[in-house]
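# Descriptive analysis of the structure
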Amino acid sequence: MKTENFFKRIQNDFKKAAAKNNTAAALVAKLLTFDRSLAFDVSFQKKNGSSRTVKGYRVQHNNILGPYKGGLRYHADVSMDEIKALSFLMTFKNAVIGVPFGGGKGGIAIDPKALDERELEEMTRSFARQLAPHIGPEKDVPAPDMNTNSKIMAWIADEYGKITGRPAPAVVTGKPIELGGSEGRLEATGYGGTYALLAILKFLKKKPENFTVAIQGFGNVGQHAGKSLRQNGFKVAAISDSKGGIYVPDGISDSDIKALVEYKAETGNLFNKRMMGQMIAPEEVLTLPVDIIVPAALENVIHKGNVRGIRAGIILEMANGPTTSEADKILVENGVMIIPDILANAGGVAVSYFEWFQNMRNERWTKKEVFSKLKKKMEQAVNDVYKIHREKKVTLREAAYMLALERIQAKWLKK
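Residues numbered from 1 in each chain as written. Predicted model: local features only at pLDDT ≥ 70, side-chain atom pairs only at ≥ 80, totals over all residues. Heavy atoms only, no water.

We now examine the overall build of the protein chain. A count of helices and strands for the protein chain gives 13 helices and 12 strands. With the C-alpha coordinates aligned to their principal axes, the bounding extent of the protein chain is approximately 55 × 55 × 40 Å. Residues classed as buried in the protein chain amount to 57% of the 415 residues present. Contacts in the protein chain between residues far apart in sequence, at least 24 positions, make up 69% of those at least 6 positions apart. Roughly 17500 Å² of accessible area belongs to the protein chain as shown, and the carbon and sulfur atoms make up 49% of that amount. In the protein chain, 61 positive and 45 negative side-chain charges are present, and the distance between their average locations comes to 4 Å. (Helix = DSSP H or I, 4+ residues; strand = E, 2+ residues; numbered from the N terminus. Buried < 20%, exposed > 50% of the residue type's maximum accessible area, 1.4 Å probe, protein only. Contact = heavy atoms within 4.5 Å. Areas by Shrake-Rupley, 256 points an atom, 1.4 Å probe, with all protein chains shown as cover. Lys, Arg positive; Asp, Glu negative; His and termini not counted. Charge placed at Lys NZ, Arg CZ, Asp CG, Glu CD.)

Below, the structure written as structure tokens:
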């Protein structure tokens, strides 16, 4: 991740929105600093008996709206700069979607694929012991992120319970269902993006069946986005991952999307020769003749080198920071509507909030209830953002940051 450029970009987005909102100078200054930046030496024993130490991080950006909230990622490129950027983004994402959380993020600089399960668990528990004094259900609530999952969250919750002497399932979200996790958490980000897109189309007085979609990235988010988009009437014409992709101009069926998920799980490849369709390079998916493109993988994938080849009229940002500032400006000038990341991919943190809420009140909601509440959350957020977009004549990205700042400032003034 090009963290420095990404961080500068989101800070610039924030500053522009703050200026247009006439945000109090003291609050702007506060939001440009971090409440706490933690770095740990995380030691664990390898299977050959030797010891290894890696760097772990947790950044707590701001808690004006509530406990810090944000994921933990395991990746070789994790750094303090990256974690700071993402924790900053989380503050505004939580505010846009209207959940009572502040921004946080964390991770470990390691490739988890190089570890066996015992090593992964020992490392995670070592990290949890370092985190324990700084997290808690009403203090800071981590969640899964890149290369982390429900099993890792379960280990953290268990270790935290051992340290504190009492079970505290609400200390993390994204847990297994049987250990207090929420129904629908796995699908939340992908489904939330679909709900946001549907809400935007209502304002445009357009129907989903009139739109073709191309999805870049076919991990958890891309898979569930593809499924939900198809189920809601969109024609999903192309899907790609880091190795390649498939383009079916007439649309990929529900059964074929399911087959692609299974084929990738079995082989690690996306293109299935048994299916009708054209094999495409990973980057081609962004410049196909479709109405909507959904970048759902990495940052900076839409840039000055390919932006003029984009033919879609709508971009649904399911990844964090997929569009560079230069590309964003060109797209806006060309009349392309960008549904920004802090709105489009906020479904995950919305359902994380639902999980935390259920844990804190010892409740259990059905998947139907969760999806119904998620749809309402996303629709309300889109309605609030679109109102600012229309009244202030600003982009949806600017409107989303302006809405977030309004909510943060309102709470800040009451303290």
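There is more to say after this.
With that settled, the discussion passes to the pairing of strand β1 (residues 36-45). Relative to strand β2 (residues 51-62), β1 is paired through 10 bridges, and the arrangement is antiparallel. Bridged to L38 within β2 is R58. Connecting β1 to the antiparallel partner β2 that follows it, the hairpin turn spans five residues, and G49 within it adopts a positive phi of roughly 95 degrees. (Pairing = 2+ DSSP bridges.)

Here five strands make up an open sheet; going across it, the order is β1-β2-β4-β3-β5 and the pairing mixed. Sheet topology places β1 and β5 (140-144) at the edges, where each strand pairs with a single neighbour. Each neighbouring strand pair of the sheet contributes to a mean axis angle of 25 degrees, computed without reference to strand direction. In this sheet, strand β4 (residues 102-109) lies alongside β2 in antiparallel orientation, the contact comprising six bridges. Bridge assignment links G56 to a residue of β4, and that residue is I108. (Axes fitted to C-alpha atoms, helices over the stretch in contact; angles between N-to-C directions.)

Further remarks concern the packing of aromatic side chains. What the rule picks out here adds up to 16 aromatic pairs. Consider the rings of Y353 and F354, whose centres lie 6.1 Å apart with planes at 55 degrees: the pair is tilted. Using a relative accessible area of 15% as the deciding quantity, one classes Y353 as buried. Take F354: its relative accessible area is 4%, and that puts it in the buried class. (Phe/Tyr/Trp six-rings, centres within 6.5 Å; stacked < 30°, edge-to-face > 60°.)

A word on helix α9 (residues 325-333). Residues separated by three or four positions in an α-helix point in the same direction, a consequence of the helix having 3.6 residues per turn. Listed in full, the buried residues belonging to α9 are A327, D328, I330 and L331. All buried residues of α9 lie within an arc of 165 degrees about the axis, which places them on one face of the element. Residues of α9 that are exposed and angled more than 90 degrees away from the buried face: K329 and E333. G335, located one to two residues past α9, shows a positive phi value of around 80 degrees. (Arc of directions from axis to C-beta.)

Now for the environment of E369. Mapped onto the elements, E369 comes out in helix α12 (residues 367-392). Taking the C-alpha atoms as reference, E369 lies 29 Å from E406; in sequence the two are 37 residues apart.

All right, on to the nonpolar core then. By size, the foremost hydrophobic cluster in this structure holds 88 residues, and its most contacted members are F92, L197, L229, F234, I239, V294 and I339. Each residue touching V294, except ones within four places of it in the same chain, is listed here: V213, A214, I215, Q216, L229, L316 and M318. (Core = buried A, V, L, I, M, F, W, Y, C linked by side-chain atoms within 4.5 Å.)

Quick look at the pattern of salt bridges now. Per the counting criterion, the structure on display carries 23 salt bridges. Notably, a salt bridge pairs R73 with E82, separated by 3.0 Å at the nearest N-O pair. Take E82: its relative accessible area is 4%, and that puts it in the buried class. The salt bridge partner of K105 is D145, with a shortest N-O separation of 2.7 Å. (Salt bridge = Lys/Arg side-chain N within 4 Å of Asp/Glu carboxyl O.)

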